[in-house]
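# Chains, contacts and geometry: an overview
The residues making up each chain are set out below.
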Amino acid sequence: MSVNYGSKRVVVGAHYGLRDWLAQRVTGLLMALFTLIVLGQVLLSKGPMGYDKWAGIFSTQWMKTLTFCVIISLLYHAWVGMREIFMDYIQPVYVRLALQVFSIVWLVACAGWAIQVLWRL
């Protein structure tokens, strides 16, 4: 008989719980701070908001670096969430694997596109 309490508790699974929970909180916080920074720059700018103003906001190196970090955070945040959904709700292993591979390819493609747009400004 297996013990399911105390230090002898039998735990199954991949043991991602705390790491994923913390990753979701940290990446979410970084994205929220980035949103506040961009919102502050938009609200404090004078005149109509056009391409030139947007390009000006993202033209400095510190803003490009911060945006790059947020893009990576967004991708990791999305990956952890999608992986959890797939592991919880998709039972056939081959379907789960196919969805995970598709998600990785899609997220990497989105990252490439976002970085290309960011450094083209």
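Residues numbered from 1 in each chain as written. Predicted model: local features only at pLDDT ≥ 70, side-chain atom pairs only at ≥ 80, totals over all residues. Heavy atoms only, no water.

## Some remarks on the side chain of Ser103
So the rule is basically this: Helix numbers and strand numbers start at the N terminus; a helix is a DSSP run of H or I with at least 4 residues, a strand a run of E with at least 2. Note on contacts: a residue pair qualifies if any of its non-hydrogen atoms lie within 4.5 Å across the two residues.
Tracing the chain through its elements places Ser103 in helix α4 (residues 93–120). In this structure, Ser103 is in contact with Trp79 and Phe86, ignoring residues within four places of it in sequence.

## Concerning the nonpolar core
In plain terms, the rule: We call a set of buried Ala, Val, Leu, Ile, Met, Phe, Trp, Tyr and Cys residues a nonpolar core when their side-chain atoms join them within 4.5 Å. Exposure classes here rest on a 1.4 Å probe applied to the protein chains alone. A residue is buried below 20% of its type maximum, exposed above 50%, and partly exposed in between.
The biggest cluster of nonpolar side chains holds 14 residues, and the ones touching the most others in it are Phe34, Val38, Phe58, Met63, Ile71 and Leu75. In this structure Leu75 touches Leu107 and Ala111, once residues within four positions along its chain are discounted.

## Concerning a nonpolar patch on the surface
Stated formally: The patch calculation keeps residues exceeding 30% relative accessible area without a salt bridge and links them within 9 Å when they carry like charges or within 5 Å when they are nonpolar (Val, Leu, Ile, Met, Phe, Trp, Tyr). Under the convention used here, a 1.4 Å probe and the Shrake-Rupley method define accessible areas, while residue burial counts only the protein chains that appear. The salt bridge criterion pairs a side-chain nitrogen of Lys or Arg with a carboxyl oxygen of Asp or Glu, the two atoms within 4 Å.
Taken together, the side chains of Leu29, Leu33, Leu36, Leu39 and Leu43 make up a nonpolar region of the molecular surface, amounting to roughly 530 Å² of accessible area. In this structure, Leu39 sits in helix α1 (residues 17–44).

## Here's the deal with the layout of surface pockets
Which entries qualify depends on this criterion: Of the grid points, spaced at 1 Å and generated over the protein atoms alone, those admitting a 1.4 Å probe that cannot get out make up cavities, while open sets with protein on both sides within 12 Å along at least five of seven lines make up pockets; any residue with an atom within 4 Å of a point is treated as lining. Grid points are joined across faces, edges and corners, and a volume is the space filled by probe spheres set on the points. All amino acids are sorted into three groups, where Ala, Val, Leu, Ile, Met, Phe, Trp, Tyr, Cys and Pro are nonpolar, Asp, Glu, Lys and Arg are charged, and the leftover types, Gly among them, are polar.
Roughly 160 Å³ of internal volume is contained in the largest pocket. Around the largest pocket, the lining residues are Met31, Phe34, Val70, Ile71, Leu74, Leu75, Ala78, Leu107, Cys110, Ala111 and Ala114. The set of elements that each furnish at least two residues to the lining of the largest pocket consists of α1, α3 (61–89) and α4. Broken down by element, the lining of the largest pocket gets its largest block of residues, five residues, from α3. Broken down by class, the residue content of the lining of the largest pocket amounts to 11 nonpolar, no polar and no charged.

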